[in-house]
Number of protein chains: 2
Amino acid sequence: MSDQEQGSLGERGLSGDPLEELKALDREARLLEHSGAVLSWDQEVYMPPAALDERADQLALLQSLAHQRDRSPRVGELLEQIRAEEAAPEGLEGIFLREKHRSYQRSCRVPDRLVRDLARTASQGQNAWVAARAENDYERFMPWLERLIGLNRELAEHLGYRDCPYDALLDQYEPYTSTAEVAGVFRDLREGLVPLVRRIASRPVPDQSFLRKSFPLEGQKQLSREVMVALGYDLDRGRLDSSAHPFTTTLGNRDVRITTRFDERAPESGLFSTIHETGHALYELGVAEELAGTLLAEGTSLGIHESQSRMWENMIGRSRAFWSHWLPRMREIFPDQLEGVSLEHFYRGINRVEPSLIRVEADEVTYSLHVILRFELEQALISGDLPVKDLPDAWNRGMKDLLGVEPRDYSSGVLQDVHWSMGAFGYFPTYALGNLYAAQFLRALEKDLPDLWEGVARGEYAPILDWLRRAIHRHGKCRSAGELVREITGGPLDSAVFLDYLWKKYDEDQGR
Amino acid sequence: MSDQEQGSLGERGLSGDPLEELKALDREARLLEHSGAVLSWDQEVYMPPAALDERADQLALLQSLAHQRDRSPRVGELLEQIRAEEAAPEGLEGIFLREKHRSYQRSCRVPDRLVRDLARTASQGQNAWVAARAENDYERFMPWLERLIGLNRELAEHLGYRDCPYDALLDQYEPYTSTAEVAGVFRDLREGLVPLVRRIASRPVPDQSFLRKSFPLEGQKQLSREVMVALGYDLDRGRLDSSAHPFTTTLGNRDVRITTRFDERAPESGLFSTIHETGHALYELGVAEELAGTLLAEGTSLGIHESQSRMWENMIGRSRAFWSHWLPRMREIFPDQLEGVSLEHFYRGINRVEPSLIRVEADEVTYSLHVILRFELEQALISGDLPVKDLPDAWNRGMKDLLGVEPRDYSSGVLQDVHWSMGAFGYFPTYALGNLYAAQFLRALEKDLPDLWEGVARGEYAPILDWLRRAIHRHGKCRSAGELVREITGGPLDSAVFLDYLWKKYDEDQGR
């Protein structure tokens, strides 16, 4: 331990207990990460524009100090010492050591040079993407995409994998799963979704015009705030603010904030974003107190995270039962705008399904098809089967096959998403996995709470939140996504339950 | 350099140039301080209450990491190496090394144990003070005050001093000055103020009733925002928010934020707080770009800082010329409340002088007497001439002598201020020094800008701000308070100019 660090680490480290020293290092890394989250939140919500450059330097330093604590050779020594000295710890300490070892191993495998290259290229690539999208110029983005794919291939080789390089990339966002497993469930999902979408597309589109009137923002904020509090979000442990893109961020184990974006002529947009982010926040806030301040105190995978946001947003928030309670309240706030709009009219309007070009605007049925397209394309890009120059054609062909629509330009097609420009490959599938997990969890929830929908119709969500906390939230990273699914449903990840949910809601129209 | 730190320091440190390594360490400490300022700002303005404990841990870690970079033995080695190797650097680098050496020396002299003791006792002492003030129970606070005085005596011994221990304490807030110098000017100040206060107190008190109507907060915020922008505050480099106590904080060299507190029935309170804090912020924002990110990029002393806030708040903001421009605007916002209130009526109302018990509510004339009392008492407490048990009597006697009023209880007397409970001795005098510096700077400003007050009457402050930036702000910590005063006025710190300003404004009533 250096003099530099003696003040912060020494006192606990000097106890001589390697596990305690390891915990102290982990605790500091988490404190630094949460401090960085405060700075990032401020940057998106309140920071004056001239502060941008120095804020980047502040964030880079905090991140670097956190990384040093996570991948310091000292961590390796301590892990080794614990392994040699003691009987393998059990319970929580065993899990802590397993995850600490896993994260340390992963970071050791990747050379610093590659980490820096990826960060720099991603930052420049994102700038290039912004310009390319604005000018509908795919060629401008191509060299960056080439480089980012190359760096991701390198990354996969360093991280290691069982079957294919994409395994290693996916594992960053959805740990302990495999490309083959995801590909399997997505194949079934695709086979089930495409005919459903065709069928819905053959019918008249429900009216949404009543949502395109003017809904003053103050009223929208009021409604969002009431809904999030009703769902169980504690405003003593978070905040709702506005930002360019909605997000959830963890600034501390008791400080998980969300943002949303309100549009005067689309009140459903801000409200469902709020419910979505509330779902993420409730997950982070529900982690057991005993895990607080450790690397175990966060969502176990992005897919499970997305299951929480999508269950609340789509399965509960877009149900008839939910709106039988909230439509009267919304009508109090917006009496003129909602005059003569029946529950059924409203319900169908907010559940309109229509194949479209843009993923982030897609409905609950078509959304997963957007994701499947990206999952297939990025596997082919990483394996080299799909050259970067052929990507736009493959994209357009895929859209036609899956959704029956074709982009007129790059900007509403292959250039629409930020992820690849940031060098994030393996991230997209977690969005659709969230839908599948959510449907499987909801089925178990319905079994355990037979009067679930009666409660929703009364505006009472505490039994649902209690169930989610007990079954999922409190475990943090102690259980993997696969373990949670098996524990809760008795079976593996499976797309049939989600398909069943969609067919019932959208075809038989037995939805709530 | 340890492995822990190699990522953040190594790259620059490895260049082998000790000055560059020293600058890099300094830069990191400043980035960590500014990051901590973001967290503190958030805590006061937007943080949800349950986050308090973890936020304290985050802040403690950032502070400790900043301290490590400021007082690491490596700093001492580098300073030594530079001194041995090179010809003494001149210009900015020379000043940087001088201040770096000074701050390093001071921190080396104080043992870690004492730093920790002071921090812990101050934190507990503040809690005890809150309870003691609420219950008007001086005895409850006594043991804490005893301990904090004892620790400050120890601190002074470690820091070292020329004439008396109080020198060392004062130097923390007003560097390069001495107790004897301050005592000298305060003696003159006291002698000039006491008769002025008596004289004013013998006359009828100006009416303020028009300020006690209801002034809705939205209008107050609008006015405050317009005034701060007119004064030259750039909202691209800061923000105005509300908090329990108004403050200014530097989150980065281009991000200096202020807060204020609005009271529906005291519109002058929020507005003058805004102008006061704007004065502080303009100082920090005016530091030369070449100093950005170094320990030189901040106000040179608390007294000079206070001179900026008080000049804008009292000398400009409470002038007739200022309100000849702003009263019409305020009347547009609050037409009913200000109906029939003439400029003269308004001017006299906001400049009402009345001896009172509470420092933070005191007017521009009596304010310095509150400070002089505290300055005299804390010297006697530190020297041991005044036992803690006798403090309330000494306080009450002092109030009677200086202001002709006597507290009925401890809470509005000796227990009113937080400073001593935080272990801050030597801080109070900087408040009154600010008044003296401000008056001396204003006189120089009036000489250089003969149509100063015509500009103020037109709402034009750019010439004033330009002058302050050139004469004071841009220098940051490169010039000491004494150097600035001598450079700008040709003479030393002197209370005669401030007294002259007050007598003219309040007795002859030739104010603007």
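Residues numbered from 1 in each chain as written. Chains lettered and ligands numbered in written order. Predicted model: local features only at pLDDT ≥ 70, side-chain atom pairs only at ≥ 80, totals over all residues. Heavy atoms only, no water.

- In the nomenclature of an unreviewed UniProt entry, chain A is known as Metal-dependent carboxypeptidase of Alkalispirochaeta sphaeroplastigenens.
- Per its UniProt entry, chain A bears the Function (unreviewed entry) comment "Broad specificity carboxypetidase that releases amino acids sequentially from the C-terminus, including neutral, aromatic, polar and basic residues."
- You can read under Catalytic activity (unreviewed entry) in the UniProt record for chain A the words "Release of a C-terminal amino acid with broad specificity, except for -Pro." (UniProt positions renumbered as here; feature names shortened; annotations may be inferred.)

1. Describing the overall build of chain A
Link 1 in the chain: Regarding its fold elements, chain A presents 21 helices and 3 strands.
Link 2 in the chain: At 23 Å, chain A has a C-alpha radius of gyration in line with the 24 Å of a compact globule built from 512 residues.
Link 3 in the chain: Referenced to the eigenvectors of the C-alpha coordinate spread, the extents of chain A come out at roughly 70 × 50 × 50 Å.
Link 4 in the chain: Counting over 512 residues, chain A shows a buried share of 58%.
Link 5 in the chain: Sequence-distant contacts in chain A: of pairs separated by 6 or more residues, those separated by 24 or more amount to 72%.
Link 6 in the chain: Summed over its atoms, the accessible surface of chain A is roughly 20600 Å², and 48% of this surface lies on carbon and sulfur atoms. (Helix = DSSP H or I, 4+ residues; strand = E, 2+ residues; numbered from the N terminus. Rg over C-alpha atoms; globule rule 2.2 N^0.38 Å. Buried < 20%, exposed > 50% of the residue type's maximum accessible area, 1.4 Å probe, protein only. Contact = heavy atoms within 4.5 Å. Areas by Shrake-Rupley, 256 points an atom, 1.4 Å probe, with all protein chains shown as cover.)

2. Some remarks on empty space enclosed by the protein
Residues and elements named next belong to chain A.
Link 1 in the chain: Counting across every chain of the model gives 8 cavities of 30 Å³ or more.
Link 2 in the chain: For the largest cavity, the calculated volume is near 70 Å³.
Link 3 in the chain: Every residue along the wall of the largest cavity is listed here: Trp129, Phe141, Arg374, Trp395, Val414, Gln416, Asp417, Trp420 and Phe428.
Link 4 in the chain: In the lining of the largest cavity, the residues fall into 6 nonpolar, 1 polar and 2 charged. (1 Å grid on protein atoms, 1.4 Å probe; cavity = no way out; pocket = protein on both sides within 12 Å on 5 of 7 lines; lining within 4 Å. Points joined across faces, edges and corners; volume = space filled by probe spheres on them. Nonpolar A, V, L, I, M, F, W, Y, C, P; charged D, E, K, R; others polar.)

3. Brief notes about the pattern of salt bridges
Pairing is possible between side chains that carry opposite charge, provided their charged atoms lie close to one another.
Link 1 in the chain: Within the structure shown, the criterion is met by 94 salt bridges over all chains.
Link 2 in the chain: Residue Arg257 of chain A is joined to Asp42 of chain B by a salt bridge in which the shortest nitrogen-to-oxygen separation is 2.7 Å. On the criterion of chain membership, the pair formed by Arg257 of chain A in strand S3 (residues 255-260) and Asp42 of chain B in helix H2 (residues 18-45) is interchain, its members lying in two chains. The pair formed by Arg257 of chain A and Asp42 of chain B is uniform in burial state, with each residue classed as buried. (Salt bridge = Lys/Arg side-chain N within 4 Å of Asp/Glu carboxyl O.)

4. What about the UniProt feature "binding site: Zn(2+)" (unreviewed entry) in chain A?
All names here are of chain A.
Link 1 in the chain: The positions UniProt marks with the feature "binding site: Zn(2+)" (unreviewed entry) are His276, His280 and Glu306. Across 31 residues, the annotated set stays spatially compact, with a maximum C-alpha separation of 8.7 Å.
Link 2 in the chain: Counting through the fold element by element, Glu306 comes out in helix H12 (residues 302-316).
Link 3 in the chain: Ignoring sequence-local partners within four residues, the contact set of Glu306 consists of His276, His280, Thr430, Tyr431 and Gly434.

5. With respect to the sheet that holds strand S2 (residues 248-252) of chain B
Residues and elements named next belong to chain B.
Link 1 in the chain: Strand order in the open sheet made by the 3 strands is S1-S3-S2, with mixed pairing throughout. Edge strands, defined here as strands with exactly one partner in the open sheet, are strand S1 (240-242) and S2. The mean inter-strand angle of the sheet, taken between neighbouring strand axes irrespective of direction, is 30 degrees.
Link 2 in the chain: Across the sheet, H2 is in contact with S1, S2 and strand S3 (255-260); its angle to S2 comes to roughly 135 degrees.
Link 3 in the chain: Its contacts with the sheet put helix H11 (residues 267-285) on S1, S2 and S3, and the angle it makes with S3 is roughly 165 degrees. (Pairing = 2+ DSSP bridges. Axes fitted to C-alpha atoms, helices over the stretch in contact; angles between N-to-C directions.)

6. Quick look at the interface of chain A and chain B
Link 1 in the chain: Facing 50 residues of chain A, the contacting portion of chain B comprises 50 residues.
Link 2 in the chain: Carbon and sulfur atoms supply 55% of the area buried between chain A and chain B, which totals about 4000 Å² over both sides.
Link 3 in the chain: Scanning the region where chain A abuts chain B turns up 8 salt bridges.
Link 4 in the chain: Notably, a salt bridge pairs Glu54 of chain A with Arg27 of chain B, separated by 4.0 Å at the nearest N-O pair.
Link 5 in the chain: Run the count over chain A and chain B and you get 14 residue pairs in polar contact (both at pLDDT 80 or more).
Link 6 in the chain: Of all the elements in the fold, those that place two or more residues in the side of chain A that touches chain B are helix H1 (3-13), helix H2 (18-45), helix H3 (52-71), helix H4 (73-85), strand S2 (248-252) and S3 of chain A. (Buried area = accessible area lost by both parts, 1.4 Å probe. Polar contact = N/O pair within 3.5 Å; in protein donor to acceptor, adjacent residues only side chain to side chain.)

7. Let's talk about helix H7 (residues 138-159) of chain B
Helical geometry note: an α-helix holds 3.6 residues per turn, so side chains three or four residues apart project in the same direction.
Residues and elements named next belong to chain B.
Link 1 in the chain: Over its 22 residues, H7 runs 30 Å from end to end, which matches the ideal 32 Å to within 8%, given 1.5 Å per residue.
Link 2 in the chain: Elements in contact with the buried residues of H7: helix H5 (91-109), helix H6 (112-134), helix H8 (165-173), helix H15 (367-383) and helix H16 (391-403).
Link 3 in the chain: The opening residue of H7, the one whose side-chain oxygen lies 3.3 Å from the backbone nitrogen of Glu139, is Asp137.
Link 4 in the chain: Phi for Gly160, located one or two positions after H7, is positive at around 85 degrees. (Expected span 1.5 Å × (residues − 1).)

8. Topic: the nonpolar core
Link 1 in the chain: Ranked by internal contacts, the top residues of the largest apolar core, which has 125 residues, are Phe186, Trp312, Phe322, Trp323 and Phe346 of chain A.
Link 2 in the chain: In contact with Phe322 of chain A, other than residues within four places in its own chain, are Val227, Leu231, Ile275, Ile316, Gly317, Val456 and Tyr461 of chain A.
Link 3 in the chain: Among the nonpolar cores identified, the runner-up in size contains 124 residues, and Phe186, Val405, Leu468 and Ile472 of chain B belong to it. (Core = buried A, V, L, I, M, F, W, Y, C linked by side-chain atoms within 4.5 Å.)

9. A short note on the UniProt feature "active site" (unreviewed entry) in chain A
Link 1 in the chain: The positions UniProt marks with the feature "active site" (unreviewed entry) are Glu277 of chain A.
Link 2 in the chain: Along the chain, the position of Glu277 of chain A falls in helix H11 (residues 267-285).

10. Topic: the relation of the copies chain A and chain B
Link 1 in the chain: Least-squares fitting of chain A to chain B yields an RMSD of 0.0 Å, with the transformation described by 0.0 Å of translation along the axis and a rotation of 180 degrees. The transformation just described matches what one would write down for a two-fold rotation axis.
Link 2 in the chain: Taken together, the interface assignments show that 100% of the residues at the interface of chain A recur at the interface of chain B, consistent with an identical surface on both copies. (Least-squares fit on C-alpha atoms with pLDDT ≥ 70 in both.)

11. Description of the environment of Pro175 of chain A
Link 1 in the chain: Checked against the element boundaries, Pro175 of chain A lands in the loop between helix H8 (165-173) and helix H9 (179-201).
Link 2 in the chain: Excluding residues within four positions of it along the chain, Pro175 of chain A makes contact with Arg102, Thr300 and Ser301 of chain A.

12. Remarks on the packing of H8 of chain A against helix H15 (residues 367-383) of chain A
Angle between the axes and distance between the axes: these two values describe a pair of packed helices.
Residue and element names in this part refer to chain A.
Link 1 in the chain: At a minimum axis separation of 9 Å, H8 and H15 run at an interaxial angle of 130 degrees. The angle between H8 and H15 falls in the class oblique. Two packed elements cross with a definite hand, and for H8 against H15 that hand is right-handed. Along the contact surface, H8 presents Pro165, Tyr166 and Leu169, while H15 presents Phe375, Glu378, Gln379 and Ile382. (Parallel < 35°, antiparallel > 145°, perpendicular 65-115°, else oblique. Left-handed = near helix turned anticlockwise from the far one by under 90°.)

13. What to know about the sheet that holds S2 of chain A
Residue and element names in this part refer to chain A.
Link 1 in the chain: Spatially, 3 strands are ordered S1-S3-S2 in an open sheet, and the strand pairing comes out mixed. Looking at which strands have only one partner, the edges of the open sheet turn out to be strand S1 (240-242) and S2. Averaged over neighbouring strand pairs, the angle between their axes works out to 30 degrees when direction is ignored.
Link 2 in the chain: Sheet strands in contact with H2 are S1, S2 and S3, and its direction is about 135 degrees off that of S2.

14. So, the packing of H9 of chain A against H15 of chain A
All names here are of chain A.
Link 1 in the chain: Across the interface, H9 lies against H15 with an axial gap of 10 Å and an inter-helix angle of 140 degrees. With respect to H15, the element H9 is oriented oblique. Every pair of crossing elements has a handedness; the one defined by H9 and H15 is left-handed. Listed contacts from H15 to Thr179, Val182, Ala183, Phe186, Leu189, Arg190, Leu193, Val194 and Val197 of H9 are Ser368, Leu369, Val371, Ile372, Phe375, Glu376 and Gln379.
Link 2 in the chain: Counted by class, the contact of H9 with H15 contains 11 nonpolar, 3 polar and 2 charged residues.

15. Let's talk about the packing of aromatic side chains
Link 1 in the chain: For the structure on display, the rule yields 44 aromatic pairs over all chains.
Link 2 in the chain: Between Tyr367 of chain A and Tyr431 of chain A, the ring centres sit 6.3 Å apart and the planes meet at 85 degrees, which makes this aromatic pair edge-to-face. Of this pair, Tyr367 of chain A sits in helix H15 while Tyr431 of chain A is found in helix H17 (residues 429-448), placing the two residues 64 residues apart along the sequence.
Link 3 in the chain: Exposure remark for Tyr367 of chain A: the relative accessible area of 5% places this residue in the buried category.
Link 4 in the chain: Using a relative accessible area of 12% as the deciding quantity, one classes Tyr431 of chain A as buried.
Link 5 in the chain: Each ring, one from Trp420 of chain B and one from Phe425 of chain B, has its centre 6.0 Å from the other, and the planes form 5 degrees; the classification is stacked.
Link 6 in the chain: Residue Trp420 of chain B is classed as buried on the basis of its relative accessible area, which comes to 5%.
Link 7 in the chain: Here the aromatic cluster, defined as three or more aromatic residues joined through ring pairs, consists of Tyr173, Tyr367, Trp395, Trp420, Phe425, Tyr427, Phe428 and Tyr431 of chain A.
Link 8 in the chain: Directly above the aromatic system of Phe272 of chain B lies the positively charged group of Arg318 of chain B, at a separation of 3.9 Å from the ring centroid.
Link 9 in the chain: Between the NZ or CZ atom of Arg374 of chain B and the centre of the ring of Phe428 of chain B, over which it lies, the distance is 5.5 Å. (Phe/Tyr/Trp six-rings, centres within 6.5 Å; stacked < 30°, edge-to-face > 60°. Lys NZ or Arg CZ within 6 Å of the ring centre and 35° of its normal.)

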